[in-house]
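# Residue-level structural notes
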Amino acid sequence: MEPIFADKTALVTGASRGIGADIARELAACGATVACVATRAENAADIVAAIGAAGGRARAFGCRVEVAAEVTRLFDEVAEALGPVDILVNNAGLSAPMPTLKMTEESWDLQMGVNCKSVFLCSQAAARQMKDRDGGVIVNIGSILGRNASPATLGYCASKAAVDHMTRVMAIEWARYGIRVNCVAPGYIRTEMIDQLEADGKLDARGLERRTPQRRLGSGADIAHAVRYVASDDAAFMTGEVLVIDGGWTAFGYYQA
Ligand code: NDP
């Protein structure tokens, strides 16, 4: 693959598995040195080994991305070990589906913390490093549920809608520093998150496939390819944008035949 990110340091949160692991793999294949972040560094050991085996450079870091002190420490450690961050991908996230009438304060705080507050904390820490250099790129991983409503997902939908709009605010504030901020919003992607929801009876994957015009769930690679484009100079005039990658899910407005 063309080394379009040679000499760049990328930090990907939630890189131990799923979409984040595929993004880390993709950026490393394009020459970036990647900080693979999970709640504990050990959780990202496998993806770091896989990147190394493929000839890339990566290192594992542990951080709960919703905890300010841990985020500050993370960005200091990464700068020390790999250099200041040029590309930040805010991917860490979780979903805790629950009917709104039964939803707890803890569930709200957890989803808003990991999916939304983390984007503020990590983007601020990254932008402070990027501002004094040649700028940089921030890619937030949102969701089609940031725009479309689904039942029993109030905390998740609210957190992802906030990510869409935080993307715009940060983009217009930081454009003057050469920092681009965009969001990639996936549709339904086959990862452990989906597997677990399916196993818990909270999601019908076959039904989702039938509802998707392309008749399949997405792959982590589908999202990683979009992130590669958004992070590259090919997208140099793109900032404050939400790019939906969903196999036609949100475009579909007819009835299911
Ligand atoms: P997974 O559940 O497969 O992976 C989640 C990742 O986030 C893991 O690496 C996990 O690390 C990390 N993580 C969870 N909590 C924290 C935390 N508090 N601090 C740091 N890291 C944390 O998720 P997906 O790959 O499916 O999803 C990735 C992103 O894509 C999320 O933001 C999700 O909302 C979004 N998305 C996913 C869709 C899908 O269909 N899968 C659809 C639309 C959006 P650890 O191993 O340490 O637990």
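Everything that follows concerns the structure shown earlier in this document.
Read on for an overview of the structure. Because the structure is predicted, anything quoted here is derived from the model rather than measured.

## As for the overall build of the protein chain
When its secondary structure is counted, the protein chain shows eight helices and seven strands. Taking 2.2 N^0.38 as the reference for a compact globule, 257 residues should give roughly 18 Å; the C-alpha atoms of the protein chain span a radius of gyration of 17 Å, in line with that estimate. For the protein chain, the C-alpha atoms occupy an extent of roughly 50 × 40 × 35 Å along the three principal directions. The buried share among the 257 residues of the protein chain stands at 48%.

## Some thoughts on the site of the ligand
Surveying the vicinity of the ligand reveals 30 residues, the closest of which are Ser16, Thr39, Asn91, Tyr156 and Thr191. Interatomic distance of 2.4 Å between a side-chain N/O atom of Thr39 and an oxygen atom of the ligand. Asn43 places a polar side-chain atom, nitrogen or oxygen, 2.8 Å from an oxygen atom of the ligand. Out of a free accessible area of 910 Å², the ligand has 93% covered by protein chains.

## Some points on the sheet that holds strand β4 (residues 87–90)
Pairing is parallel across the open sheet formed by seven strands, whose spatial order is β3-β2-β1-β4-β5-β6-β7. At either margin of the open sheet sits one strand with a lone partner, and together these are β3 (57–62) and β7 (242–245). Recorded for the sheet is a direction-independent mean angle of 20° between the axes of neighbouring strands. Pairing of strand β2 (residues 33–38) with β3 involves six bridges; the strand directions are parallel. Bridge pairing in β3 links Val34 to Ala58. Taken strand by strand, helix α1 (residues 18–29) contacts β1 (9–13), β2, β3, β4, β5 (136–141) and β6 (179–186), and its axis lies near 170° from that of β1.

## Details of empty space enclosed by the protein
With the rule as written, the count across this model stands at two cavities of 30 Å³ or more. The calculated volume of the largest cavity comes to roughly 40 Å³. In terms of lining residues, the largest cavity is bounded by Ser143, Ile144, Arg147, Asn148, Asp164, Ala185, Val242, Val244 and Thr250. Here the lining of the largest cavity is composed, by residue class, of four nonpolar, three polar and two charged. Empty space within the second largest cavity amounts to approximately 30 Å³. In this structure, the second largest cavity is lined by Thr13, Asn90, Asn91, Ala92, Val114, Asn115, Ser118, Val119, Ile141, Lys160 and Val163. Listing elements by their share of the lining of the second largest cavity, those giving two or more residues are α4 (105–131) and α5 (154–174).

## A closer look at α4
With 27 residues, α4 should cover 39 Å at 1.5 Å per step; its first-to-last C-alpha distance of 36 Å lies within 8% of that length. At Gly113, α4 shows its strongest bend, of approximately 45°.

What counts and how
Residues numbered from 1 in each chain as written. Predicted model: local features only at pLDDT ≥ 70, side-chain atom pairs only at ≥ 80, totals over all residues. Heavy atoms only, no water. Helix = DSSP H or I, 4+ residues; strand = E, 2+ residues; numbered from the N terminus. Rg over C-alpha atoms; globule rule 2.2 N^0.38 Å. Buried < 20%, exposed > 50% of the residue type's maximum accessible area, 1.4 Å probe, protein only. Near = heavy atom within 4 Å. Polar contact = N/O pair within 3.5 Å; in protein donor to acceptor, adjacent residues only side chain to side chain. Areas by Shrake-Rupley, 256 points an atom, 1.4 Å probe, with all protein chains shown as cover. Pairing = 2+ DSSP bridges. Axes fitted to C-alpha atoms, helices over the stretch in contact; angles between N-to-C directions. Contact = heavy atoms within 4.5 Å. 1 Å grid on protein atoms, 1.4 Å probe; cavity = no way out; pocket = protein on both sides within 12 Å on 5 of 7 lines; lining within 4 Å. Points joined across faces, edges and corners; volume = space filled by probe spheres on them. Nonpolar A, V, L, I, M, F, W, Y, C, P; charged D, E, K, R; others polar. Expected span 1.5 Å × (residues − 1). Bend = angle between axes of the 7 residues up to and from the residue.

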